[in-house]
Amino acid sequence: MTLISFVVPAYRVQGYLRECLDSILGQPVDDLEVIAVDDCSPDDSGEIITEYAARDQRVQAVRLTENVGLGPARNIGLDRATGDYVWFVDADDWLAPDCLPDVVERLRTTRPDVLLVDHVRVHWNDTATRSAMHEVFPTPPGEGTFRLRERPEAMCLLHTAWNRVVRRQFLVDLGLRFAPGWYEDVSFSYPALMAAQRIGVLDRVCVNYRQRRAGAITRTRGDRHFEVFPQWHRVFHLMDDWGSAVDELRPAVFERMIWHYLTVLGNGQRIAPELRPAFFAQITADYARWLPAGGYPAPDGVEGLKHRLVATGRWRTFSALRAANRARDTARRSARIARRRVTPVARRNVRRARDVLLREYYRAELRRPVDQSLAVYAAYWFRGYSCNPAAIYEAARRLAPQIRGVWIVRRNRVATVPPGVEYVVAGTPAYYRVLARARWLINNVNFPDFVRKRPGTVHVQTHHGTPVKVMGLDQQRYPIGAGRMDFGGLLRRVDRWDYSISSNGFSTQMWDRAYPATYTTLEVGYPRNDRLVTATTEEVLRLRADLGIGLAEKVVLYAPTHREHLRNYRPPFDPELFLDALGPTGRLLMRSHYFHDRDRRPHPTPERERILDVSALQRVEDLYLVADALVTDYSSAMFDYAVLDRPIVLYTPDWEAYRLARGVYFDVTREPPGAVAMTFHDLLDLFRSGEYRSDAAAKTREQFRARFCRWDDGHAAERVVRQVFLGERPQPRPGC
């Protein structure tokens, strides 16, 4: 029989859902099931659930045809649960590794109605804060069970559904369900504790409670926070129905209600200033309505003063007290910052006067009107004309000729700009002028920190690859790979984005979690890959001729990725031995990662004419078109090259080390686009035998293409231009 049924509702959580499901399914426990409920999510959450259900029989996919909200979605999952216990886990949280055996042991030995488990709050900067478990229970309650009247302090633990495992038949007999609306945990968690005959506490962190930077209810302002009141009303109505059995708990429950109301009111990210008086008035009304006849244990100090002001309805005094406390806290923070801040005169003196003047010029240009016809493009930190921005630029010239496109390039890259393309050199007055006045700014990396996001301007982040290695905030868990990255600065840059271009659903999911902000995702395919679809045979032959490649030559492109955590790393790869494996008609193209663009020394070899270093070529799409096969490792090149449906070989001699040190989003050796070689000897064998283009390799490539290349139809750049520049509405998402 199933011991635990996990109910996981999903709505707009595509960036976190995989981590949640993996954390459950990866536990060393077999007798569990997962009921994953797609609450008609407008993102890829439903597709992720379907994918997991297809490959793991423990996952049951439930797809709703209309959005019902978190509470009703949990009820639907509860109705389908078969386990002895049910655990409602939020899809943006995740379980601690190997926590489930301890939970299972406690459930089997004590058979509680409710088992409370500990959690930590995990913030966007990868720091964690403890729960109140040790404050509520300074002495761990042990393995025994109790009733709430014996340990009423248990109500002081966070009143969520996900930090407790509940006996399913207990819920069925009680008839307890989640109510619709926000704060639905309130009218479930407190009644469950009051009705339970056996409550247990497991003093172990089992849940990582994600503190989302964007998209969480607790960070959303609006009048829906008033829904906390009817949720608490349901609690007291139930207590009225249950009568004397719970009368002695009323004082403690009442105190929790007022504490919760004041917590919501005190959060500036929830209640807008204009709504605060009405919210306070409703607290006062509930205070008078539900106050126990014998009173309640009011807190001491400032918190107790707040309760007294609520009781008497003194909003103005309450508001003034809050303002005074905020002013005091602000003054303390300012004093701490002032003590830490040191701006030596020497630092100001060594700044070049020209930089100071140019920044002043930039600020002056910011005061001039935005140029409504100007779009600024850049790629790879101004390395030249390339990648997705170049494809968007070309589509905009065709579809929106009224928009003037200007590129930013380094001085030493001016020669790479095609004829007829307007450009400015980075660091010049013209550079600062266009950055200050452009309506559109398009880049595949971030613009410099000094660039301000002006009202009415549009920043488009195109990215430059489908991520295998972890990116953005996810790198915090891999400090070796992250190096000295300033994650706070990264998020300030991300906050400038209006649009994030995504090549496929997987990228959309990963960008959501790596770069949490309020931008709009355009899942349209990668514009740079349009050329791979639309290139003609004549164009490919011309490109091969330009590189001196004959018609009968078998061309392999070798393009390994960069190892940020290993300075000067080069994979074990012998070009001459590889050429021997290719045979007499073989030609090897070698391309370093763009981070290595200053290290392009040719290999000293007598076979040099058959080994060509193509690292300096500006547009990698040209190389994809001329290559008959690709050898790479963890590079996003595999996703782009897969568009051509040609053989791909993953050469991953350092896979385990790379995975542990740099971090990856999925195991490319298990879900590859073709054959996999873990050693150089294996790589040579694949090409000597021809296995790299076998039917088995073609089948894995077909599956890979179905997952990652479905948007690559030759029209990605057009879709971007039509929505971003011309304001056309995107096609509606199929389904709900």
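Procedures and definitions
Residues numbered from 1 in each chain as written. Predicted model: local features only at pLDDT ≥ 70, side-chain atom pairs only at ≥ 80, totals over all residues. Heavy atoms only, no water. Helix = DSSP H or I, 4+ residues; strand = E, 2+ residues; numbered from the N terminus. Contact = heavy atoms within 4.5 Å. Salt bridge = Lys/Arg side-chain N within 4 Å of Asp/Glu carboxyl O. Buried < 20%, exposed > 50% of the residue type's maximum accessible area, 1.4 Å probe, protein only. Pairing = 2+ DSSP bridges. Axes fitted to C-alpha atoms, helices over the stretch in contact; angles between N-to-C directions. Phe/Tyr/Trp six-rings, centres within 6.5 Å; stacked < 30°, edge-to-face > 60°. Arc of directions from axis to C-beta. Core = buried A, V, L, I, M, F, W, Y, C linked by side-chain atoms within 4.5 Å. Parallel < 35°, antiparallel > 145°, perpendicular 65-115°, else oblique. Left-handed = near helix turned anticlockwise from the far one by under 90°. Nonpolar A, V, L, I, M, F, W, Y, C, P; charged D, E, K, R; others polar.

Time to look at the environment of T652. Assignment of secondary structure puts T652 in the loop between β21 (648-651) and α25 (655-661). Separated by 92 residues in the primary sequence, T652 and P560 place their C-alpha atoms 9.4 Å from one another. Beyond its immediate sequence surroundings of up to four residues, T652 is in contact with D633, Y634, T669, V676, A677 and M678.

Here we come to the pattern of salt bridges. This model, assessed by the stated rule, comprises 50 salt bridges. Of the charged contacts in the structure, one is a salt bridge between R74 and D185, with a shortest N-O distance of 2.5 Å. You can see R74 sitting in helix α3 (residues 70-80) and its partner D185 sitting in the loop between α6 (168-174) and α7 (186-195), a full 111 residues away along the chain. No difference in accessibility class separates R74 from D185, as the two residues are buried. The salt bridge involving R544 is made with D628; its shortest N-O contact spans 3.8 Å. Here the residue R544 occupies a position in helix α21 (residues 537-546), and D628 occupies one in the loop between α23 (620-626) and β20 (629-632), the gap between them amounting to 84 residues. Beyond isolated ion pairs, a larger network of salt bridges with shared partners links E19, R210, D474, R477 and R513.

Another aspect to go through is the pairing of strand β18 (residues 586-590). Burial analysis of β18 places 5 of its 5 residues in the buried class, which makes it a mostly covered element. Of the pairings in the sheet, the one linking strand β17 (residues 554-559) to β18 comprises 5 bridges and is parallel in character. Along β18, the bridge assignment pairs K554 with G586. Pairing geometry for β18 and strand β19 (residues 611-613), over 3 bridges, is parallel. From the neighbouring strand, M590 faces β19, where its bridge partner is D613.

Moving on, we come to the sheet that holds β21. Overall, parallel pairing links the 6 strands, which are arranged β19-β18-β17-β20-β21-β22 in an open sheet. A strand with exactly one partner marks an edge of an open sheet, and here the two such strands are β19 and β22 (675-677). Each strand axis lies, on average, 20° off the axis of its neighbour in the sheet, ignoring direction. Where helix α22 (residues 575-582) meets the sheet, its contacts fall on β17, β18, β19 and β20, and the angle it forms with β18 comes to roughly 145°.

Moving on to the sheet that holds strand β14 (residues 458-461). Reading across the sheet, the 7 strands line up as β12-β11-β10-β13-β14-β15-β16 and stay open at both edges, with parallel pairing between neighbours. Either end of the sheet is taken by a strand with one partner, and the two such strands are β12 (423-425) and β16 (520-523). For this sheet the average axis-to-axis angle between neighbouring strands, irrespective of direction, equals 25°. Here 4 bridges tie strand β10 (residues 371-378) to strand β11 (residues 404-409), and the two strands are oriented parallel to one another. Counted as the bridge partner of V376 is V406 from β11. Against the sheet, helix α19 (residues 505-514) engages β15 (499-502) and β16, with an angle of about 140° to β15. Packed on one face of the sheet, helix α28 (residues 716-724) meets β13 (438-443), β14, β15 and β16 and runs near 165° to β15.

Two faces, one strand: in a regular strand the side chains alternate between the faces of the sheet. Within β17, 5 of the 6 residues are buried, which leaves the element mostly enclosed by the surrounding structure. The pairing of β17 with β20 spans 4 bridges and is classified as parallel. Of the residues in β20, the one forming a bridge with V556 is A629.

The next thing to look at is the packing of aromatic side chains. All chains considered together, the criterion is met by 48 aromatic pairs. Geometrically, the ring pair formed by Y651 and F680 is tilted, given 6.1 Å between the ring centres and 55° between the ring planes. With Y651 in strand β21 and F680 in helix α26 (residues 680-689), the pair connects residues that are 29 residues apart, well separated along the chain. For Y651, a relative accessible area of 2% gives the class buried. By relative accessible area, which is 15% here, F680 ends up buried.

With that out of the way, let us pick up α21. Taken together, the buried positions of α21 are V540, L543 and R544. Down the axis of α21, the buried set is contained in an arc of 100°. They therefore lie on one face. Within α21, the exposed residues directed more than 90 degrees away from the buried face are E538, A545 and D546. In this fold, the buried residues of α21 make contact with α20 (530-534), β17 and α23. Positive phi shows up at G548, right after α21, with a value of about 75°.

Okay, the environment of P277 next. Its place among the elements puts P277 in helix α10 (residues 276-290). C-alpha separation for the pair P277 and W315, spaced 38 residues apart in sequence, amounts to 6.7 Å.

This part is about the nonpolar core. Core analysis: the largest hydrophobic core is formed by 83 residues, its most contacted members being Y377, L557, V724 and F725. When residues in this core are grouped by element, the largest group, 7 residues, is from helix α15 (residues 387-399). Sequence-distant contacts of Y377, defined by excluding residues within four places in its chain, comprise P389, I392, Y393, A396, G405, V406, W407, I408, I442 and F725. Ranked by size, the runner-up nonpolar core spans 58 residues in total, among them V166, Y183, F188 and F318.

We now examine the environment of I501. Here I501 lies in strand β15. For I501, a relative accessible area of 0% puts it in the buried group. For I501 and L522, which are 21 residues apart along the polypeptide, the C-alpha to C-alpha distance reads 4.9 Å. In contact with I501, not counting residues within four places along its chain, are V460, Q461, T462, H463, W511, L522, V524, G525, Y526, P527 and V720.

For the pair helix α14 (residues 353-366) and helix α16 (residues 429-437), interaxial distance at closest approach is 8 Å and the crossing angle is 30°. Taken together, the axis directions place α14 and α16 in an arrangement best described as roughly parallel. When you trace α14 past α16, the crossing you get is right-handed. In contact with R354, L358, R359, Y361, Y362, E365 and L366 of α14, α16 contributes P429, Y432, R433, L435, A436 and R437. Its residues placed into classes, the contact of α14 with α16 shows 8 nonpolar, no polar and 5 charged.

In this structure, C40 takes a positive phi of about 50° despite not being glycine. Note that C40 resides in the loop between β2 (32-38) and α2 (45-55). Residue C40 is classed as buried on the basis of its relative accessible area, which comes to 7%. The backbone phi angle of F382 is positive, close to 70°, even though this residue is not glycine.

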